[in-house]
Amino acid sequence: AVLSAVLDGGTYVGAQLTDAAGNVVSAAGAPLPAPPARADQRLVLVPVAGRILAVAACAVPGDGGQALGTVSIASDAAVRLFPLLLRPTAPNGSTQSYLVRRDGDEIVFLNELRHRQNTALQFRFPITETALPAAQAIQGVMGVTSGTDYRGVDVVAALTGVPRPSPRRYADPPPRRCRAAHP
């Protein structure tokens, strides 16, 4: 009943509570994937039943700091997250923001892009495409730079990292955000 109440506002499409072993104790709405195994993955984008869910997970603390389980909630990324990233950030409307991450030797675009359809979690470039601002961000370049965007258009880009929730050390880098504008 409590998890169903979370869904009543329309912001979330699914919620679940799992125990420390990952077994679902209670769930409401859309079925959710298992909670992230790594503590730094508190928000993940997951394809489920033809849509992409933005799933946020939080450990339920118990006595002595041990996690009793996890609470996860999900929203439809196409409704809640992607429109925020597609919104122009400059008066002339020529800017766009996108999230990328490294997947092996490739850059994966995590959200929909203004000039291409059906790109979230599917559109990829080799990490060796160093003129691409997204590749520069993955390589650790931060600040204002220039390059060629995913369409082959020359752009000026502002590159920033997405902060981690805590100062822990992990093997793979955090997602990077790119904001590109036509010069």
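Structure: see above.
Summary of the structure given here. (Residues numbered from 1 in each chain as written. Predicted model: local features only at pLDDT ≥ 70, side-chain atom pairs only at ≥ 80, totals over all residues. Heavy atoms only, no water.)

1. Topic: the overall build of the chain
Note the threshold: Working definition: helices are DSSP H or I runs of at least four residues, strands are E runs of at least two. Numbering for both runs from the N terminus. For each residue, the accessible area found with a 1.4 Å probe, counting protein chains only, is set against the maximum for its type, and the residue is called buried under 20%, exposed over 50%, and partly exposed in between. Every residue pair with non-hydrogen atoms within 4.5 Å of one another is taken to be in contact. Calculation of accessible area relied on Shrake-Rupley with a 1.4 Å probe; when residues are assessed, cover is drawn exclusively from the protein chains displayed.
Across its full length, the chain holds four helices and 11 strands. Per-residue burial for the chain yields a buried fraction of 37% across its 183 residues. A separation threshold of at least 6 residues defines the contact pool for the chain, and within that pool the share at least 24 residues apart is 39%. When the accessible surface of the chain is summed, it comes to about 10000 Å², and 55% of that surface belongs to carbon and sulfur atoms.

2. Remarks on the pattern of salt bridges
Inclusion rule: Any carboxyl oxygen of Asp or Glu within 4 Å of a side-chain nitrogen of Lys or Arg constitutes a salt bridge here.
By the definition in use, this model includes four salt bridges. With a shortest N-O distance of 3.0 Å, Asp 103 and Arg 124 are connected by a salt bridge. Here Arg 124 lies in strand 8 (residues 124-126) and Asp 103 lies in strand 6 (residues 96-103), a separation of 21 residues in the sequence. With relative accessibility at 32%, the residue Arg 124 sits in the partly exposed group. As a salt-bridge pair, Asp 149 and Arg 151 come within 2.7 Å of each other at their nearest N and O atoms. Taken together, the salt bridges that share partners define one network made up of Asp 103, Glu 106 and Arg 124.

3. Structural notes on the side chain of Thr 119
Selection criterion: Two N or O atoms form a polar contact when they lie within 3.5 Å of each other; inside protein one atom must be a possible hydrogen donor and the other a possible acceptor, and for residues adjacent in sequence the pair counts only when both atoms belong to side chains.
Tracing the chain through its elements places Thr 119 in the loop between strand 7 (106-109) and strand 8. Side-chain polar atoms of Thr 119 contact the backbone oxygen of Asn 111, separated by 3.2 Å. Beyond its immediate stretch of four places on either side in the chain, Thr 119 contacts Phe 109, Asn 111, Glu 112 and Leu 113.

4. Digging into unusual backbone geometry
Even without being glycine, Ala 49 reaches a positive phi, approximately 50°. Checked against the element boundaries, Ala 49 lands in the loop between strand 3 (43-48) and strand 4 (51-61). For Ala 49, a relative accessible area of 79% translates into the label exposed. Positive phi, close to 55°, is recorded for Asn 118, a residue that is not glycine. If you trace the backbone, Asn 118 turns up in the loop between strand 7 and strand 8. With a relative accessible area of 58%, Asn 118 lands in the exposed category.

5. Quick look at the pairing of strand 2 (residues 24-29)
We apply this condition: By definition, two strands form a pair when at least two bridges between them are found by DSSP.
Strand direction decides the pairing type here: strand 1 (residues 14-19) and strand 2, joined by five bridges, are antiparallel. Opposite Gln 16, over in strand 2, you have Ala 27 as the bridge partner. Following strand 1, the chain reverses through four residues before pairing antiparallel with strand 2; Gly 22 in that reversal takes a positive phi of roughly 90°.

6. Brief notes about the sheet that holds strand 5 (residues 67-76)
Here is the rule: A fitted line through C-alpha atoms represents every axis, and for helices the fit uses only the stretch in contact; the resulting angles, taken between N-to-C directions, go from 0 to 180 degrees.
The sheet built from five strands is open, its strands ordered 2-1-5-4-3 with antiparallel pairing. Either end of the sheet is taken by a strand with one partner, and the two such strands are strand 2 and strand 3. Neighbour-to-neighbour, the strand axes of the sheet open up by a mean angle of 20°, direction not taken into account. Inspection of the sheet shows strand 3 paired to strand 4 by six bridges, in the antiparallel sense. By the bridge assignment, Leu 43 is partnered in strand 4 with Ala 56.

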